[in-house]
Structure formats: C-alpha cells, structure tokens
Amino acid sequence: MMTAGPGRSAALGAVVPAREFARRPIWRGVVRFARQKPLGFAGALLLLAIVFAAIFAAQIAPYAPNATHAKARLLGPGARFLLGTDEVSRDLLSRIIYGARISLFVGIVSVGVGTVVGAALGVVSGYFRGTVDQVVQRLMDVVLALPALVLAIAIVAMLGTKIVNVMIAVSIVLIPQAARVVRGATLSVRQDLYVDAARALGASDSRIILRHVLPNVLGPIVVLATVTLGSAIITEASLSFLGLGTQPPTASWGQMLSGASRNFFVIDAWLAVVPGLALCTTVFSINVLGDALRDAFDPRLRGR
C-alpha cells in the first residue's frame, strides 16, 4: 500500500483542512473563531447589530427620519430624544438608524460589484499572462493613476448625483485593487501541480479556472471584500459630504455632516459627533473583522 510522504502531505495540506471545515457544524467554527480572534468576533457582532438596525429601522427607530418636533430644535441627549435633535428639530437617533441603510447598501453593492469584476479580471490576467496580462494591468494602472476619491468625484460629476451613480463610481474605484490582489494569488496557484495535472488530462482553461484556480483564490477575495467595505462606506460618506451623493432630506451619515448642518457645528458640536461616531464604529468593526479573517485564511498567520 502506498503511503503519503512528506511531499504528498504538504501538497494536500491546503485541501484537507477546507474539506474538514466543510463537515464541521457552523457553531463549532464560530466558537473557535471567537476564542482565537475575540476582537474580530466582537467586530462581527457589532457589524451584525448595525446591519440588523438598518434592516429593521422602521421598527427600531423611535420616529420617522424626517419628522420634525415642535420646540425641540438643537436639543441635547435626553429621555425623549436619546441622541438629541438637529437644526430642524429631527431626531438624531432615528436619522442615524435610517442612515445606516444608505451607507451599508451602497457599500455592500459597490464592494460586491467591484470585487466580482476585479476578481474576474485578476484571474484572467494571472492565468493567461502574456498579452492579456499586459493589457489588463495597463488598464488598471490608468485607473490607479488618479486618487480614489478624485476619480469617484469625477465619475459622479459626469453621471449625476444619484445613488446608482455613486455605487458605479465606488465600484470602479475598487476594481483595480481587487484585480491586483487576485492576479497575484492566481499566479501562485497557477504553478501548483494539480493545475498541471488537470491540464495534462485535457481539461479546458475554463474548467481549470472554475474548478481549480477560483476555489483556491476565494480566501483572498473574501478578505479583500471585507476590508474594502469600510473604504466604500467612507467614500460614499465623502461624496455625500461634498454634495455629490445622497441628497437632502434623505438620511445619510455623510449628508448629516454636510449642507446646512455645517453652519450649526460651532453652536452644537454634537451634530457632527453623532454621525462621525456612527461612521467610525462601523468602519472599525469592519476593519477588525477583516483583519481576523485575513489571519484565519493565511496559514502563515494562524499561529499568531
């Protein structure tokens, strides 16, 4: 009977844990993740709470986001208004909860589109190399030549100030980073023996990419999508702050820091603190979760 030597064990090392993990109950993986990465687990819980609040905003928010209240202008936190009111007597807590919908929706859709398109370009570029690789990478260089926020502003300025156009702009900004990361992972996977074996058995390029290359670069794609979600939310808030994103009176964290509200920051700095804390908390939870997932997917960092 043939026994697996050190070389064979090393070659299978990246495959066996994934199969074993697939057979384990989900709750065991969650418990293990919580023990090994408590900060990342806390970030995941915080992010889930924010997503839950955004989905059920109509049931959780004490008031409608644009409802005004007589004689309640620029009030501080209190029993009736937990986070106070703004310059037109609207409840800040309700607007923060409803604003999470815009930020998360724009962020998730933009990251999803940008990551999928960038990953497809990266896999094609890294697998076929040659002329295809050169053309794709030079296009990515052109996009990367401009700062991300400047490029997003230019795209929204050309397309118009709509939520759909903001998502298009943020997606285009995220494509080059995804393409570069996935291309590097694809170049590494392409040199593995099982890819050569599949090619020797007559497998087509599309089959090799879908069955062998893509599953083995899925880890970096998941980590990249998690990490860039925070950047997408900040970009949307920046565009709204500049008047190119969400338009009044729609509740949005970036829009709450823009427009006429800026004239009242000197009188009541709390107007800037509340949406600023919401942005910081959301991005912090996403970043610590992304770092934990990166450590979990990277075998070199699992022991740290």
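Scroll up to find the structure.
All values derive from a computational prediction rather than experimental measurement.

**Re the overall build of the chain**
Counting its secondary structure elements, the chain contains 14 helices and zero strands. The order of helices and strands in the chain, counted from the N terminus, is α-α-α-α-α-α-α-α-α-α-α-α-α-α. Counting the 304 residues in the chain, one finds 41% classified as buried. Across the chain, the fraction of contacts at a sequence separation of at least 24, relative to all contacts at a separation of at least 6, is 68%. Of the roughly 16,500 Å² that the chain leaves accessible, carbon and sulfur atoms contribute 68%.

**With respect to the pattern of salt bridges**
Inspection of every chain in the model, using the stated rule, returns five salt bridges. The salt bridge partner of Arg 90 is Asp 86, with a shortest N-O separation of 2.8 Å. Residue classification places Asp 86 among the buried positions, given a relative accessible area of 4%. Through salt bridges with shared partners, one network takes in Arg 138, Asp 141 and Arg 180.

**Section: a nonpolar patch on the surface**
Taken together, Met 158, Leu 159, Val 164, Ile 168 and Ile 172 make up a surface patch of nonpolar side chains, about 460 Å² in accessible area. Put simply, the parts of the chain that give the nonpolar patch at least two residues each are α8 (148-159) and α9 (163-190). With three residues, α9 is the single largest residue contributor to the nonpolar patch.

**Side note on the environment of Thr 115**
Here Thr 115 is to be found in helix α6 (residues 92-128). As for Thr 115 and Ala 179, which are separated by 64 residues in sequence, their C-alpha atoms are 8.0 Å apart. Leaving out residues up to four positions away in the same chain, Thr 115 has contacts with Ala 178, Ile 221 and Ala 225.

**Topic: the side chain of Ser 258**
Looking at where Ser 258 falls in the secondary structure, it is placed in the loop between α13 (253-256) and α14 (270-297). Of note is the side chain of Ser 258, whose polar atom sits 2.6 Å from the backbone oxygen of Phe 241.

**Looking at α9**
Taking 1.5 Å per residue, 28 residues should reach 40 Å; α9 reaches 39 Å between its end C-alpha atoms and fits that length. Leu 174 marks the point of greatest bend in α9, at about 30°, and the proline Pro 176 comes within the next four residues.

**Observations concerning the packing of α6 against helix α11 (residues 205-216)**
Orientation of α6 relative to α11, taken along the N-to-C sense of each, is 110°, at an axis distance of 12 Å. With respect to their mutual orientation, α6 and α11 come out roughly perpendicular. By crossing handedness, the relation of α6 to α11 is classed as right-handed. Here Val 123, Tyr 127 and Phe 128 of α6 lie close against α11, whose contacting residues are Asp 205, Ile 208, Ile 209, Val 213 and Leu 214.

What counts as what
Residue positions within a chain follow its written sequence, with the count starting from 1. Per-residue local features of the predicted model are confined to residues with pLDDT of at least 70, and side-chain atom pairs are confined, for both listing and counting, to 80 or more; whole-chain, interface and lining totals are unaffected and use all residues. As a rule here, side-chain values cover all heavy atoms of the structure and leave hydrogens and water aside. Working definition: helices are DSSP H or I runs of at least four residues, strands are E runs of at least two. Numbering for both runs from the N terminus. Only protein chains enter the area calculation, which uses a 1.4 Å probe; residues under 20% of their type maximum are buried, those over 50% are exposed, and those in between are partly exposed. Any pair of residues with heavy atoms lying within 4.5 Å of one another is described as a contacting pair. We get accessible surface area from the Shrake-Rupley algorithm with a probe of 1.4 Å; when it comes to residues, only the shown protein chains can shield them. We define a salt bridge as a contact between a side-chain nitrogen of Lys or Arg and a carboxyl oxygen of Asp or Glu at a distance within 4 Å. Candidate patch residues must exceed 30% relative accessible area and have no salt bridge, after which like charges are joined if within 9 Å and Val, Leu, Ile, Met, Phe, Trp or Tyr side chains if within 5 Å. Polar contact criterion, stated in full: a pair of N or O atoms within 3.5 Å, where within protein one must be able to donate a hydrogen and the other to accept it, and residues adjacent in sequence count only if both atoms are side-chain atoms. One less than the residue count of a helix, multiplied by 1.5 Å, gives the span that helix is expected to have. Bend, at a single residue, is the angle you get between axes fitted to the 7 residues ending at that residue and the 7 residues starting at it. A fitted line through C-alpha atoms represents every axis, and for helices the fit uses only the stretch in contact; the resulting angles, taken between N-to-C directions, go from 0 to 180 degrees. The cut-offs work like this: below 35 degrees is roughly parallel, past 145 is roughly antiparallel, 65 to 115 is roughly perpendicular, and the gaps in between are oblique. With the far helix as reference, a near helix turned anticlockwise by less than a right angle produces a left-handed crossing, and one turned clockwise produces a right-handed crossing.

Read these as geometric descriptors, not functional statements.
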